[in-house]
Amino acid sequence: MLAKLISFFLMLLFSLNLSAQIDSSIQLRTVQINSIRNENNSTGLKQEKTDSLIKMISIDKSMGTVLSEQSPALVKNYGPGALSSVSMRGGSAYHTAVLWKGFSLANPMNGVMDFNLLPTFLFEDISIQYGGATAIWGSGAVSGVIHLNDNNTFINRNSLKVGSRYSNASGWANFIDGKFSIKNFSSSIKLFLTDEKNAYPFQQDDEMKKQVHAESKGSGLIAENTYSINTTTAINFNFWYQYANRNIAPVMTEAISNAVQRDRNYRYNITFTKDGNKGRFAFRNAYFNESLYYNDSALSQPSNSLCKTFISEPEYSYAFNEHHSIQTGINFTKINAITAEYNQEEEVIRESIYLSYRFQFRKLILSASARKEFNNYEKPPFAFSLGANYKMNSWIKLLANYSTVYRNPQVNDLYWQPGGNIDLLPETGYTYEGTINLDLLHFARKIHNDTNAISIQLTAFNKNIDNWIAWTPHGILWTPGNIKSVHSYGSESVFIFRKQFAKTGIRLSAFYGYTVSETTSSEIPYDASVGKQLIYVPFHKAGGTFSVYYRKSIVSVNHTFTGVRFINTDNSDFLESYGLSNVQIDQRFDMKNNSIAAFFRIDNLFNTDYQSVQNRPQPLRTYSIGINLTFRQ
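In what follows, the accompanying structure is described. Predicted model, so just to flag it, every value in this text is computed and none were measured.

**Topic: the sheet that holds strand β1 (residues 47-49)**
Argument step 1. Taken together, five strands build an open sheet; the order of strands is β1-β6-β7-β4-β5 and the sheet is mixed. The sheet terminates laterally at β1 and β5 (103-104), the two strands that pair on one side only.
Argument step 2. Across three bridges, the pairing between β1 and strand β6 (residues 125-130) is antiparallel. Within β6, the position partnered with Gln 47 by the bridge is Gln 129.

**What to know about a nonpolar patch on the surface**
Argument step 1. Side chains of Tyr 227, Ile 229, Ile 235, Phe 237, Tyr 268, Ile 270, Tyr 287 and Phe 310 sit close together on the surface and give an oily, nonpolar patch of about 660 Å² of accessible area.
Argument step 2. The set of elements that each furnish at least two residues to the nonpolar patch consists of β14 (233-247) and β15 (260-275).
Argument step 3. As for its position among the elements, Tyr 227 is in strand β13 (residues 216-228).

**Quick notes on empty space enclosed by the protein**
Argument step 1. Across all of its chains, the model carries eight cavities of 30 Å³ or more by this definition.
Argument step 2. Of the pockets and cavities examined, the second largest cavity occupies roughly 740 Å³.
Argument step 3. Ser 104, Trp 137, Gly 138, Ser 139 and Arg 350 are the residues nearest the centre of the second largest cavity, which is lined by 41 residues in total.
Argument step 4. When residues of the lining of the second largest cavity are traced back to their parent elements, those giving at least two are β4 (96-100), β5, β16 (279-295), β17 (303-319), β18 (324-338), β19 (346-361), β20 (364-374) and β22 (396-407).
Argument step 5. No other element matches β4, which puts four residues into the lining of the second largest cavity.
Argument step 6. Split into classes, the residues belonging to the lining of the second largest cavity amount to 18 nonpolar, 14 polar and nine charged.

**Brief notes about the nonpolar core**
Across soluble globular proteins, nonpolar side chains have a tendency to be buried as a group.
Argument step 1. Ranked by size, the top nonpolar core spans 28 residues in total, and within it Phe 115, Leu 118, Phe 123 and Leu 148 carry the most contacts.
Argument step 2. Residue contacts for Leu 148: discarding those within four places in its chain leaves Met 63, Val 98, Leu 99, Trp 100, Lys 101, Leu 105, Leu 118, Phe 123, Asp 125 and Ile 126.
Argument step 3. Grouped together as the second largest cluster of nonpolar side chains are eleven residues, Met 109, Cys 307, Leu 414 and Ile 469 included.

**Section: the packing of aromatic side chains**
Argument step 1. The full count for this structure, using the stated rule, is 24 aromatic pairs.
Argument step 2. Judged by centre distance (6.4 Å) and plane angle (90°), the ring pair of Tyr 342 and Trp 416 falls under edge-to-face. In this pair, Tyr 342 is assigned in the loop between β18 and β19 and Trp 416 in the loop between α6 (411-415) and β23 (427-439), connecting sequence segments 74 residues apart.
Argument step 3. Under the relative-accessibility criterion, Tyr 342 is labelled buried at 5%.
Argument step 4. For Trp 416, a relative accessible area of 25% gives the class partly exposed.
Argument step 5. An aromatic cluster is built from Phe 382, Phe 384, Tyr 402, Tyr 430 and Tyr 432, whose rings are joined through pairwise contacts.
Argument step 6. Above the ring of Tyr 130, the side-chain terminus of Lys 46 is found at 4.3 Å from the ring centroid.
Argument step 7. The ring of Phe 288 carries Arg 267 above its face, with NZ or CZ at 5.9 Å from the centroid.

**Topic: the pairing of strand β25 (residues 477-500)**
Argument step 1. Two strands pair when backbone bridges link them, and strand β24 (residues 453-474) and β25 are joined in this way by 20 bridges, in the antiparallel orientation. Bridge pairing in β25 places Ile 469 opposite Asn 482.
Argument step 2. Turn length for the β24-β25 hairpin, with the two strands adjacent in sequence and antiparallel, is two residues, and the turn residue Gly 475 shows positive phi of about 70°.
Argument step 3. The pairing of β25 with strand β26 (residues 504-522) spans 17 bridges and is classified as antiparallel. When the bridges of β26 are listed, Lys 484 appears paired with Ser 522.

**A closer look at unusual backbone geometry**
Argument step 1. Here the residue pair Gln 417 and Pro 418 is connected by a cis peptide bond, since its omega of 0° sits within 30 degrees of zero.
Argument step 2. At Tyr 526, a residue that is not glycine, the phi angle is positive and equals roughly 55°.
Argument step 3. Within the secondary structure, Tyr 526 is located in the loop between β26 and β27 (540-550).

**Observations regarding the side chain of Ser 143**
Argument step 1. Looking at the secondary structure, you find Ser 143 in the loop between α5 (134-137) and β7 (144-149).
Argument step 2. Among the residues examined, Ser 143 registers a relative accessible area of 1% and is labelled buried.
Argument step 3. Of note is the side chain of Ser 143, whose polar atom sits 3.2 Å from the backbone oxygen of Met 88.
Argument step 4. Excluding residues that lie within four positions of it along the chain, Ser 143 makes contacts with Met 88, Arg 89, Gly 91, His 95, Tyr 130, Gly 131 and Lys 463.

**A look at the pattern of salt bridges**
Argument step 1. A full pass over the atoms with the stated rule returns 25 salt bridges.
Argument step 2. Between Lys 46 and Glu 492 there is a salt bridge, and its shortest N-O distance comes to 2.9 Å. In this pair, Lys 46 is assigned in the loop between α2 (33-41) and β1 and Glu 492 in strand β25, connecting sequence segments 446 residues apart.
Argument step 3. Overall, Lys 46 belongs to the buried group, its relative accessible area being 1%.
Argument step 4. Measuring nitrogen to oxygen at the nearest pair gives 2.6 Å for the salt bridge that ties Asp 51 to Arg 507. Placement of Asp 51 in the loop between β1 and α3 (52-57) and of Arg 507 in strand β26 is noted, with a sequence separation of 456 residues between them.

**Quick look at the pairing of β24**
Argument step 1. Where β23 meets β24, twelve bridges bridge the pair, whose relative direction is antiparallel. What sits directly across from Tyr 432, in β24, is Asn 462.

About the cut-offs
- Residues numbered from 1 in each chain as written.
- Predicted model: local features only at pLDDT ≥ 70, side-chain atom pairs only at ≥ 80, totals over all residues.
- Heavy atoms only, no water.
- Pairing = 2+ DSSP bridges.
- Helix = DSSP H or I, 4+ residues; strand = E, 2+ residues; numbered from the N terminus.
- Patch = residues over 30% accessible without salt bridge, like charges linked within 9 Å, V, L, I, M, F, W, Y side chains within 5 Å.
- Areas by Shrake-Rupley, 256 points an atom, 1.4 Å probe, with all protein chains shown as cover.
- Salt bridge = Lys/Arg side-chain N within 4 Å of Asp/Glu carboxyl O.
- 1 Å grid on protein atoms, 1.4 Å probe; cavity = no way out; pocket = protein on both sides within 12 Å on 5 of 7 lines; lining within 4 Å.
- Points joined across faces, edges and corners; volume = space filled by probe spheres on them.
- Nonpolar A, V, L, I, M, F, W, Y, C, P; charged D, E, K, R; others polar.
- Core = buried A, V, L, I, M, F, W, Y, C linked by side-chain atoms within 4.5 Å.
- Buried < 20%, exposed > 50% of the residue type's maximum accessible area, 1.4 Å probe, protein only.
- Contact = heavy atoms within 4.5 Å.
- Phe/Tyr/Trp six-rings, centres within 6.5 Å; stacked < 30°, edge-to-face > 60°.
- Lys NZ or Arg CZ within 6 Å of the ring centre and 35° of its normal.
- Polar contact = N/O pair within 3.5 Å; in protein donor to acceptor, adjacent residues only side chain to side chain.

This is the structure we're talking about:
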């Protein structure tokens, strides 16, 4: 079947109408292959994009830290240099897809993305798509999708950025970012190197202590290269290497720890695109080679896992006219995984086909998407999505979406020995949401102003998931099963105020999320979790960032509040709520084509004693300084 589908797409490629009169809207000078599918088929879903100011003041932070400070997403942080996972709208960490160039970054063996391994500076385009998007992006896009891209473009001037940051809580982080273009070729290369002691202070039983055995070293490189064959055809090649060597710090109930973990990842992506008068063909391929080594004296032997993933995805978009357009594609994914905990090297092959339709007329946009996956293991269901955007007037915009969703079991769920369960079913369910966007400045003045803004976004959502996969004990053996159903619902609100004076500007962004996520049924007899909030899901999370900038100086204050989180399934014990405040000062100096930028930041300004995960201490008040040099030709 796959061979026939690829042949069909090649026929589409050669049948493209390549008239000399090219629509400027599709001339390929900026290669953003995955964004086409996201923008055309995410109708009705709430989306947020990190703006330039937030990216500038967060350049040295991990992706997990930025999401915790700027969104209602829940970030479970085990401490600086340790694991950091993200979940959205009452789902698990498995329910948030993390995509780089449209390809999932989560390791297929365990299904979790470590956000402490994602330095923010690697990505110039960071966006969050909330809600169910399985019909668009496939398995796992249940609660939301985080898109990470660099947007390599053809630039007029070459540039080089060199930066360094030192924190008394962690240590050093250094990076280099170079961009250049020569005729039809453009390249962006980013490198980073970290050496962090993570010997930060924390408080336990009214006693001041210092974290031990938490050192981490890391390095990485992303190279993104684009060759424009002509105005309609381009090839984009990307390479991402990353290595992390981390000591695993003891929990607060342990005296010592000697656990270590080493992650090494090679990621390759090559995309061919060809534009026609009304259509675009894209052929995207990726190869990921990921290894994880873990050793602890408590284990009988070290654990060494290796996973190789190959993904091939031809995709075709066609606009019949200004009102009607379609997009279709197929996905072939092959996973080879091996570890001592498997009986043998395991291979998982998944194939899927998706189709979407988009209708736009005046103030209304409608879309419908569908995906069917084929494999011999989990038998995933047919998934579809219906969305609508309606611009009621100049200051009110309404969004609505209904989607069915699913998540396949991870490779470890199927084959881990002892305990793996080859008979697992995919998690399945449905989500729906509605959003109202209010442009209050436009309402007050009846004009549009790109510099100033006052806006409010209000969203309500609902999600039901059946066949929830969880590992439970059966005697002394733990094994995964489809044991429960979960119902999540809540609301989110976002407020943005932006005002520009002659040489001074003010920016305020604030968010609030209310989430209920309860177990509604369980296969476990007398399960005390039924009717209770899921562990580590707070009912309330809020935050905001206030920035004042004058000429080339910026002062920013960020505050986040995370509510009570239960730490057992019967909700009998919990972690206290906490609030964190950070202050940062940035100063830039320009010298002809070059510039110097420096910053000073205080994290946890009020010395709050808190835990994101039980018995995993977090730093008290800490200080960071950094400098960035930019050279332009």
